[in-house]
Amino acid sequence: MKGLMCFLVCFLLSESQGFEIPTNGLSEFAEYGDLVELAPGKFQFVPENRRYQRSVSGESGEIMEDVDQVTLYSYKVRSTITSRMANTVIHTKVVNHSPQPQNVVFDVQIPKGAFISNFSMTVDGTTFTSSVKEKTVGRALYSQARAKGKMAGLVRSRALDMENFKTEVNIAPGAKVQFELHYQEVKWRKLGSYEHRLHLQPGRLAKHLEVDVWIIEPQGMRFLHVLDTFDGHFDGVPVVSKGHQKAHVTFKPTVAQQRKCSNCSETAVDGELVVMYDVNREEKVGELQVFNGYFVHFFAPENMDPIPKNILFVIDVSGSMWGIKMKQTVEAMKTILDDLRTEDHFSMVDFNHNVRTWRNDLVPATKTQIADAKNYIHKIQPSGGTNINEALLRAIFILNEANNLGLLDPNAVSLIILVSDGDPTVGELKLSKIQKNVKQNIRENISLFSLGIGFDVDYDFLKRLSNENRGIAQRIYGNQDTSAQLKKFYNQVSTPLLRNVQFNYPQTPVTDVTQNSFHNYFGGSEIVVAGKVDPDKLEQLQSIITATSANAELVLETLAEMDGLEDFLSKDKHADPDFTKKLWAYLTINQLLAERSLAPTAAVKRKITKTILQMSLDHHIVTPLTSMVIENDAGDERMLADSPAQDHSCCSGALYYGNRVAPNSFPPWVNPSPTQMVPMPAVGAPVLETTPPPHVMRVENDPHFIIYLPKSQKNICFNIDSEPGKILNLVSDPELGILVNGQLIGAKKPKNEKLSTYFGKLGFYFQREGMKIEISTETISLSRGSRTSVLSWSDTAHVLNQRVLVSVKKEKTVTIALDKEMSFSVLLHRVWKKHPINVDFLGIYIPPTNKFSPHVHGLIGKFMYEPKIHIFNERPGKNPEKPEANMDVKGQKLIVTRGLQKDYRTDRVFGTDVACWFVHNSGKGFIDGHYKDYFVPQLYSFLKWP
């Protein structure tokens, strides 16, 4: 067409790709090798008789040079993110000022794995709307009424993590056209934050350019940043309004601000707008959100020591890796090797037509070994073919042999990371056979991650290989910085914090749960599980998470209210009321697509296909099994947009591919031998309230000691009047290696000229088990050797480490049990934060037991072996309500007063009265020596008795 011109509206990365418009009536778009690369923001067709005109915008009389005689009137992007579920709408309005018809192209890059849910356009008053159909149905409808002069399609892009949606229409002189595209995606946490990327490439100046991002996170936002991705050109243009749970980012440059320079007609809006944020997690390790009949469970624990790694790098050094690929792989490997921890073990396998090993076994990541490994990889010269099968089997053999010989920590995480840029050319060539060989030889405690460099490698094969063996695959893009991509991926898996993470929702009204069992959890990421729940049959939703950390077995429990989010979401017009439903559908469809590729039989594959198709139609989203039919009201003009062949594993951007386990499928260690103090919760029932033993030794308030003497059946009490910061020994048994100390904190200010003190921190040390437990009013810290795990009072959890079971009941108690022999309970007392005097403090309760050694000491420990007492001559005291008496104990004659103290185990607000005989002067005569003799220098110091 003479004088044909094209306007390109292009979002996202500068590496956007063009594609072939189908001319045979079917939407069969170009594969990678056929893609034609276009310069971003340029025209696809440039007429020889280009004319220039100038038009006046509505912005303060600014003059816009309209080079192509097609005006971009408005360019608007609106994103709303509700609990990681992002919905984005892209809207553009174009006017043809040319005296000739023009082709206008709406070319948008969207993130890989995002689901397009709607598209509409209005061409000179005629509206086209979209519907989602099964692929063959969509193509049949399209063939019946093809729209003339209009094309649409969705294709793969060689740009990093992007796909293109493209529509082309021919519009008459003076005509207007509007495009509107909707897509949805889940924000996956990587390296400690979420990133929302909007790639802005309008290709020209826009009279009205507006970008709005609303973020609604019920957990609250820890931070939010807008990155400078435009080399400072738009300093001050993005505006951030941030509250505790909500944020709004706007980007609205004027026409003058859009210009590359003051006299330029080209736009500087050519790149990414990146919003980075994270949510609050200090209060609890998981967030369970329930709304509108669906639930979403976010799990991202922190404050845990890394689990040691056994890691094998399997690196392709065939001839195709020659040049920049190998150079950048070597650069990345040097950095990765430097990042290994001293407790990690590693080795390397490099392969072409032969397979070589740097070491035939795994070695500790010492400085000497790392230096030698870096020197080895630096000398590699790529050549020859590609023997993937033999290389993987060699790596698996090394790990299996090390396990058989007991050379590796059985609690470590074992990883194989394969880096390759091509298909096998030597040895076993059949991909299905390689997949089978790996599956038969690899152990269940090994995860295989595959990194495919460029487009010559069969990425679908790598996905199947990794997904089947507890890992994921990721494409490394040759047109990007290969080294940075390799290092970024390694950083995501470099810090394993948990193994064998399993989510259980034991209540019957919970159905259709997504993958809920995961081999590992890596620091900085997040596991997401979703499902359906019947709100009419439950008031609360219960979840039980089991996992293994570096030093313990964990059971974490959460209860969520059915209507907990209703008030919050109803108050924000931007919040998506369907976010739980959309997120569940997104996870389910993506996981089913991955499972479909691994289906063992044709019948299973057909069943999964049927489910995916029905869900795609129900939720009106374009997937590899559906097409989007775009038609006018009369139905006589149609366009077709097919999804490209699948190019993502489970969920694009997600680090985990798991599996599904049935409800009540708990690991065997979840139900240890029950103790009197801490029964495990009954499966399927609410968390049990344990009945406390009636007689215990306890310390409460400022601090009041109550010592129960079983033989005498008497309670003897005394106070310790000391000062903040002092550490008192409560139990010290060096023979058994058991210690309990308490550190005092002070009130905010004195009352009646006396500053009250309380226990603000308690330390428990079980020397034989190597276990230290520090309990404060904020956190519960568990340490074994150099490894530490931290829980919050906002959690309900059980941690099992050898003989020590630690149970946390949300905002109430921590109970520590040592087998069936002894137990300790710590109560949390919260006060009004604005109280002028009082502070949060801890109470401790210890049942009497004869399991301590005869040498046990401490302000409480000494009384585990009961002294003989005689109380007599009871008489009225100075206060008629508090009688006095004489007490003989250990050769001492004391005057004691009858009074009442409090036990807060059953009534946490008012407490229960406990009658006791009070010993004055900080227990003098009842305790051995002076109370200052019980001071210790550190929280884990044993008492040195004179």
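These numbers were taken from a predicted model, which means no experiment stands behind them. (Residues numbered from 1 in each chain as written. Predicted model: local features only at pLDDT ≥ 70, side-chain atom pairs only at ≥ 80, totals over all residues. Heavy atoms only, no water.)

Engineer: What is the right way to read the overall build of the protein chain from this model?
Structural biologist: Scanning the protein chain from N- to C-terminus turns up 12 helices and 52 strands. Per-residue burial over the protein chain gives 59% buried out of 946 residues. Excluding contacts between residues fewer than 6 apart, the proportion of contacts in the protein chain whose partners are at least 24 apart in sequence is 69%. Of the roughly 38,300 Å² of accessible surface on the protein chain, a fraction of 48% belongs to carbon and sulfur atoms. (Helix = DSSP H or I, 4+ residues; strand = E, 2+ residues; numbered from the N terminus. Buried < 20%, exposed > 50% of the residue type's maximum accessible area, 1.4 Å probe, protein only. Contact = heavy atoms within 4.5 Å. Areas by Shrake-Rupley, 256 points an atom, 1.4 Å probe, with all protein chains shown as cover.)

Engineer: Would you take a moment to explain the pattern of salt bridges for this structure?
Structural biologist: In a structure, side chains of opposite charge can pair up when their charged atoms sit close to one another. Evaluated as defined, the whole model comprises 37 salt bridges. Note that Asp572 is salt-bridged to Lys246, the shortest N-O span being 3.3 Å. One end of the pair, Asp572, is in the loop between helix 9 (566–570) and helix 10 (579–597); the other, Lys246, is in strand 16 (residues 246–251), with 326 residues separating them in the sequence. The buried category is assigned to Asp572, whose relative accessible area is 11%. A salt bridge links Asp928 to Lys890, with the shortest nitrogen-to-oxygen separation between them at 2.8 Å. Pair noted here: Asp928 is in the segment after helix 12 (920–923) and Lys890 is in the loop between strand 50 (884–889) and strand 51 (892–903), with a separation of 38 residues, a long-range link. Looking at Asp928, the relative accessible area reads 18%, which means it is buried. Shared partners join several salt bridges into a network, and the residues in it are Arg84, Arg189, Glu217, Arg222, Asp278, Arg281, Glu302 and Glu526. (Salt bridge = Lys/Arg side-chain N within 4 Å of Asp/Glu carboxyl O.)

Engineer: How should I be thinking about the state of the cysteines in this particular structure?
Structural biologist: Put plainly, a disulfide is one covalent bond tying together the sulfur atoms of two cysteines. One pass over the structure, following the stated rule, counts 2 disulfides. Bridging Cys261 to Cys264, the disulfide has an S-S length of 1.7 Å. Here the disulfide of Cys261 and Cys264 is right-handed, its torsion about the S-S bond being about 90°. Each sulfur in the disulfide pair Cys717 and Cys916 lies 2.1 Å from the other. Between Cys717 and Cys916 the sulfur-sulfur dihedral comes to about 70°; the bridge is accordingly right-handed. (Disulfide = S-S within 2.5 Å.)

Engineer: What is the right way to read the packing of helix 6 (residues 431–441) against helix 7 (residues 459–467) from this model?
Structural biologist: Describing two packed helices takes the angle between their axes plus the distance from one axis to the other. Direction vectors running N to C along helix 6 and helix 7 enclose 20°, while the axes themselves pass 10 Å from each other. Between helix 6 and helix 7, the crossing angle belongs to the class labelled roughly parallel. In terms of crossing hand, the pair formed by helix 6 and helix 7 is right-handed. When helix 6 is examined against helix 7, the residues Leu431, Ile434, Gln435 and Val438 are found in contact with a partner set consisting of Phe461, Arg464 and Leu465. A breakdown of the residues in the contact of helix 6 with helix 7 according to their chemical character gives 5 nonpolar, 1 polar and 1 charged. (Axes fitted to C-alpha atoms, helices over the stretch in contact; angles between N-to-C directions. Parallel < 35°, antiparallel > 145°, perpendicular 65-115°, else oblique. Left-handed = near helix turned anticlockwise from the far one by under 90°. Nonpolar A, V, L, I, M, F, W, Y, C, P; charged D, E, K, R; others polar.)

Engineer: What is the right way to read the packing of helix 10 against helix 11 (residues 602–618) from this model?
Structural biologist: For the pair helix 10 and helix 11, interaxial distance at closest approach is 10 Å and the crossing angle is 155°. What the angle tells us is that helix 10 and helix 11 run roughly antiparallel. At the point where helix 10 passes helix 11, the crossing takes the left-handed sense. Contacts from Trp584, Ala585, Thr588, Ile589, Leu592, Leu593, Glu595 and Arg596 of helix 10 reach helix 11 at Lys605, Ile608, Thr609, Thr611, Ile612, Met615 and Ser616. Class assignment of the residues belonging to the contact of helix 10 with helix 11 gives a composition of 8 nonpolar, 4 polar and 3 charged.

Engineer: I keep staring at the sheet that holds strand 12 (residues 194–200) and nothing clicks. Help me out?
Structural biologist: Two modes of strand pairing occur in sheets, parallel and antiparallel, and in both the strands are linked by backbone hydrogen bonds. In space, the 3 strands of this open sheet follow the order 12-17-14, with antiparallel pairing throughout. Strand pairing shows two members of the sheet lacking a second neighbour, strand 12 and strand 14 (221–226), which therefore form its edges. Between one strand axis and the next, the sheet turns by 15° as a mean value, whatever way the strands run. Pairing geometry for strand 12 and strand 17 (residues 271–279), over 7 bridges, is antiparallel. Looking across to strand 17, one finds that Leu198 is bridged to Leu273. (Pairing = 2+ DSSP bridges.)

Engineer: Can you help me understand the pairing of strand 16 in this one?
Structural biologist: Where strand 13 (residues 208–216) lies against strand 16, 6 bridges are found, and the strand directions are antiparallel. Bridged to Ile216 within strand 16 is Lys246. Pairing between strand 15 (residues 239–242) and strand 16: 4 bridges, direction antiparallel. Pairing of Lys242 across the sheet is with Ala247, part of strand 16. Linkage of strand 15 to strand 16, two consecutive antiparallel strands, is achieved through a turn of 3 residues.

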